[in-house]
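What follows is the residue order along each chain.
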Amino acid sequence: MAVPLALLLLLVVLRAATADAGAGAATTVAYNDRALVINGERRILISGSIHYPRSTPEMWPDLIKKAKEGGLDAIETYVFWNGHEPRPRQYNFEGNYDIVRFFKEIQNAGMYAILRIGPYICGEWNYGGLPAWLRDIPGMQFRLHNEPFEREMENFTTLIVNKMKDANMFAGQGGPIILAQIENEYGNIMGKLNNNESASQYIHWCADMANKQNIGVPWIMCQQDDDVPPHVINTCNGFYCHDWFPNRTDIPKIWTENWTGWFKAWDKPDFHRSAEDIAFAVAMFFQKRGSLQNYYMYHGGTNFGRTSGGPYITTSYDYDAPLDEYGNIRQPKYGHLKNLHSVIKSMEKILVHGEYNDTSYGKNITVTKFTFDGSSACFINNQFDDRDINVTLGGATHLIPAWSVSILPDCKTVAFNSAKIKTQTSVMVKKPNTVEKEPEGLKWSWMPENLQLFMTDERGSFKKNELLEQISTGTDQSDYLWYRTSLEHKGEASYTLYVNTTGHEIYAFVNGKLVGQNHSANGEFVFQLESPVSLHSGKNYISLLSGTVGLKNYGALFELMPAGIAGGPVKLIGTNGTGGIDLTNSSWTYMSGLAGEYRQIHLDKPEYRWQSHNGSIPVNRPFTWYKATFDAPAGEEAVVVDLLGLGKGAAWVNGNSLGRYWPSYTASEMPGCHVCDYRGKFKAEGDGIRCLTGCGEPSQRYYHVPRAFLRPAQPNTLVLFEEAGSDPTRAAFRTVAAGAVCAAAAEPGDDVTLSCGRHGRAISSVDVASFGVSRGSCGAYEGGCESKAALRAFTAACVGKEACTVRYTAAFAGAGCESGVLTVQATC
Ligand code: GAL
């Protein structure tokens, strides 16, 4: 078909215009001792980590938009090597691994980006991001100076850099990337490697290799305080970084990981870091001349598939971040930090150019005054964790609550205090699926996992007269590795089957019958299985199934940590401890993965024969595949599946992995379980942990089902592989929404805003509007003096609305109530 010339010309012009708009104007990135200098301007930058594989591409624009609205300038992410290169030179940049699409979304939002290539990333990610196949390369030593590792690392780093260059993603090309990171917290392990020569050569090689990439923006290294190679900026990670300073005086103070909470493990309760404490740490950082700080995580997300590391990191990587696992705004954390960001940004010029003066006002109290261009700005901190302090500055006295920072952009008026929250609290709840009644509404069928294949001589890939290590044998293509041996026995006899294994779990079968199972405790690897067994006369089969739950991701030489029945021993111990049989060096046959994994049962292909006897299915049956069909919950709210009642296994919706599940694993009771006080140093380990929730409860009961996995108009399929044996029939789909929302206002004139979120849910009632509420927390406030006038005003303005703002007026007092802090609680 002939295209008219005029149309052709128009198309050419349009193409050129789009290309220009896409590329954007080139941005220069330099730095000095005070700040990153972008396009010639010194900048204060607030950034947040969002890891692209931990959500879906459909979620990215909304997450990034919420980050921008929360006052962030930049999004930071690691790059996930083993996700991108699952087998040597076979690459995956599809779906939630479409890294270029993620960076383009950041660019579309008009934000900057920080590219932390690693490619060792730690990150509670399987093997710290390193592909397990690296182990097969002769001479390979991870993260040390050796040709095989450096060759592979350079190959992957170059690949990522080139992908970003091809897409014009670096600042100098008009893209969003202003910083890039090589390696990750190498300084932490250099000491443990006795700062050996190979470690030092390696970290210098990393810097040289990175600098050779010619990306036009600075390279950073985090937690690299000694032996910092030239031409890189070293940065800080931690809960607090105000007392940390970089190794050179010509580089700015950058905080790459401000941990907004902590990751969760299958046996641990949920960690909560308060909004007050994070705000305290951020304010302290900028008081002490910080220039860029990044929240790790701003959105934690989900470990889909087999991506969690640890081992024993849960599928949820919620992290107690300002955006929750599902992408909802977590209040008051999000709003309180947003308020802080706007105050800090309003002082940008003075913070990066001003002269500064720290004055001690006695123990634990410091006032910092910045002056520039005839104006001044002040911070007052109180580092006592038990004492509020009055500080007099320029004639005015300010009460600084314990463990808090007040910011006075003009040194006179307090614009922000880190301990005073002026934003609402939302209590998120799981609401029943309104489309169909569950669990009754789910229709179940099942299929057995075919274990028989490995109970006799039928299958196996190879044999060896020793017990092999699991990761190198199966190259981590599956959680499971079978070990099988057989022995001739004269007559019948009873024994104890003894297996010593390096983790993470084991199931033992003798002559096709499950005789025992066990798993290692979190944080430990080596454990034993001891099960009574009976042998018959003739040939007996012993089949052992070893399972991993995510490979170790941290520590010096972490890759040397074995998994599986490496070396055993495996023995049959005679009844009175005598007459045993050592099977350690018997002929063992191996097979990686389960039959159902090879058949891809999770894809629910039409040829599969799911069984259902009048709707009933077997329960408490180990190694069983289950399937249920369901209708997608209506609306836009995030969807979860409640797997209470299940044991351990993996779940899929319409063929998409939801990750491993393990609701039968209960979170331990810990000293920090029932107490919460934001005052004092937050910790995630050792003594003094606080603010834990979910103690004694299933460590993860709800599993995120991203909306993108669901088909709105057709039936959807949930497939479960249950290895331990349980009852799936209580499983149910829920949506996540605000239940109660609460806010407090200190004095007349303050505006009180309440919001149910953005998905069309409205406030149904205002339940509390009282002065001096003394007990309970949002959702269950008690005490105080009810203000009928306030209740009327809030009810009139809020009921039926998604959000409302009401001004606290003097008229709310009276009728026997003394005015004071007004607390309002509403139900969404
Ligand atoms: C840091 C590490 C991150 C992450 C974090 C804990 O040490 O750099 O990747 O593991 O700890 O969440």
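Since the structure is predicted, the reported quantities are computational estimates derived from the model, not experimental observations.

Novice: Break down the packing of aromatic side chains for me, with residues and values.
Specialist: According to the stated counting rule, one finds 52 aromatic pairs in the structure shown. Each ring, one from Tyr296 and one from Tyr319, has its centre 5.5 Å from the other, and the planes form 80°; the classification is edge-to-face. In this pair, Tyr296 sits in strand β11 (residues 290–299) while Tyr319 sits in the loop between β11 and α9 (333–346), placing the two residues 23 residues apart along the sequence. There is no split in this pair, since Tyr296 and Tyr319 are both buried. Between the aromatic rings of Tyr356 and Phe370, the centroid separation amounts to 6.2 Å while the plane-to-plane angle is 50°, which identifies the pairing as tilted. Here Phe370 lies in strand β13 (residues 365–372) and Tyr356 lies in strand β12 (residues 355–360), a separation of 14 residues in the sequence. Owing to a relative accessible area of 41%, Tyr356 belongs among the partly exposed residues under this scheme. Overall, Phe370 belongs to the buried group, its relative accessible area being 0%. Grouped by ring-pair contacts, the aromatic residues Tyr78, Phe239, Trp259, Trp262, Phe263, Tyr296, Tyr317, Tyr319 and Phe682 constitute a single cluster. Positioned above the aromatic ring of Phe245, the side-chain terminus of Lys253 is 3.7 Å from the ring centre.

Novice: Can you lay out unusual backbone geometry for me, pointing to particular residues and giving the numbers?
Specialist: Each neighbour pair has its own omega, and for Gly118 with Pro119 the value is -5°, a cis peptide bond. Tracing the chain through its elements places Pro119 in the loop between β6 (112–118) and α5 (147–166). With an omega dihedral of 5°, the bond running from Gly503 to His504 counts as a cis peptide bond. In this fold, His504 is placed in the loop between β23 (493–501) and β24 (505–510). Look at His231: it is not a glycine, yet its phi comes out positive at around 65°. Relative to the elements of secondary structure, His231 occurs in the loop between β8 (219–222) and β9 (233–238). With phi around 55°, Asp373 is a residue other than glycine that occupies positive phi space. Positionally, Asp373 belongs in the loop between β13 and β14 (375–382).

Novice: So, the packing of helix α8 (residues 275–287) against α9: which residues are in play, and what are the values?
Specialist: It is at 9 Å that the axes of α8 and α9 come closest, and there the two elements cross at 20°. By the criterion of interaxial angle, the relationship of α8 to α9 is roughly parallel. Between α8 and α9 lies a crossing of right-handed hand. Note on element contacts: α9 touches α8 through Lys333, His336, Leu337, Leu340 and Ile344, opposite Ala275, Glu276, Ile278, Ala279, Val282, Ala283 and Phe286.

Novice: Go over the UniProt feature "domain: SUEL-type lectin" (unreviewed entry) in the protein with me, naming the residues and quoting the values.
Specialist: Per the UniProt record, "domain: SUEL-type lectin" (unreviewed entry) is annotated on residues 746–828. With 13% helix and 30% strand, residues 746–828 has its two end C-alpha atoms placed 23 Å apart.

Novice: Hey, could you go over the nonpolar core for me, with residue numbers and the actual values?
Specialist: Among the nonpolar cores identified, the biggest contains 144 residues, and Phe103 and Ile407 are the most heavily contacted of them. By residue number, the principal contributor to this core is α8, which donates 9 residues. Excluding residues that lie within four positions of it along the chain, Phe103 makes contacts with Thr77, Ala113, Ile114, Leu115, Met164, Met169, Pro176 and Ile177. Listed in part, the 30 residues of the second largest apolar core include Leu646, Tyr661, Phe709 and Leu718.

Novice: I'd like a rundown of the state of the cysteines, residues and numbers included.
Specialist: This model, assessed by the stated rule, comprises 8 disulfides. There is a disulfide in this structure between Cys742 and Cys778, and the S-S distance comes to 2.1 Å. Between Cys742 and Cys778 the sulfur-sulfur dihedral comes to about 85°; the bridge is accordingly right-handed. Here Cys742, found in strand β37 (residues 732–745), pairs with Cys778, found in the loop between β39 (765–771) and β40 (785–786); they are 36 residues apart in sequence, far enough to count as distant. Here Cys742 matches Cys778 in class, with each residue buried. Unpaired in terms of disulfides, Cys206 finds its nearest cysteine sulfur in Cys222, a separation of 12 Å.

Definitions and limits used
Residues numbered from 1 in each chain as written. Predicted model: local features only at pLDDT ≥ 70, side-chain atom pairs only at ≥ 80, totals over all residues. Heavy atoms only, no water. Phe/Tyr/Trp six-rings, centres within 6.5 Å; stacked < 30°, edge-to-face > 60°. Helix = DSSP H or I, 4+ residues; strand = E, 2+ residues; numbered from the N terminus. Buried < 20%, exposed > 50% of the residue type's maximum accessible area, 1.4 Å probe, protein only. Lys NZ or Arg CZ within 6 Å of the ring centre and 35° of its normal. Axes fitted to C-alpha atoms, helices over the stretch in contact; angles between N-to-C directions. Parallel < 35°, antiparallel > 145°, perpendicular 65-115°, else oblique. Left-handed = near helix turned anticlockwise from the far one by under 90°. Contact = heavy atoms within 4.5 Å. UniProt positions renumbered as here; feature names shortened; annotations may be inferred. Core = buried A, V, L, I, M, F, W, Y, C linked by side-chain atoms within 4.5 Å. Disulfide = S-S within 2.5 Å.

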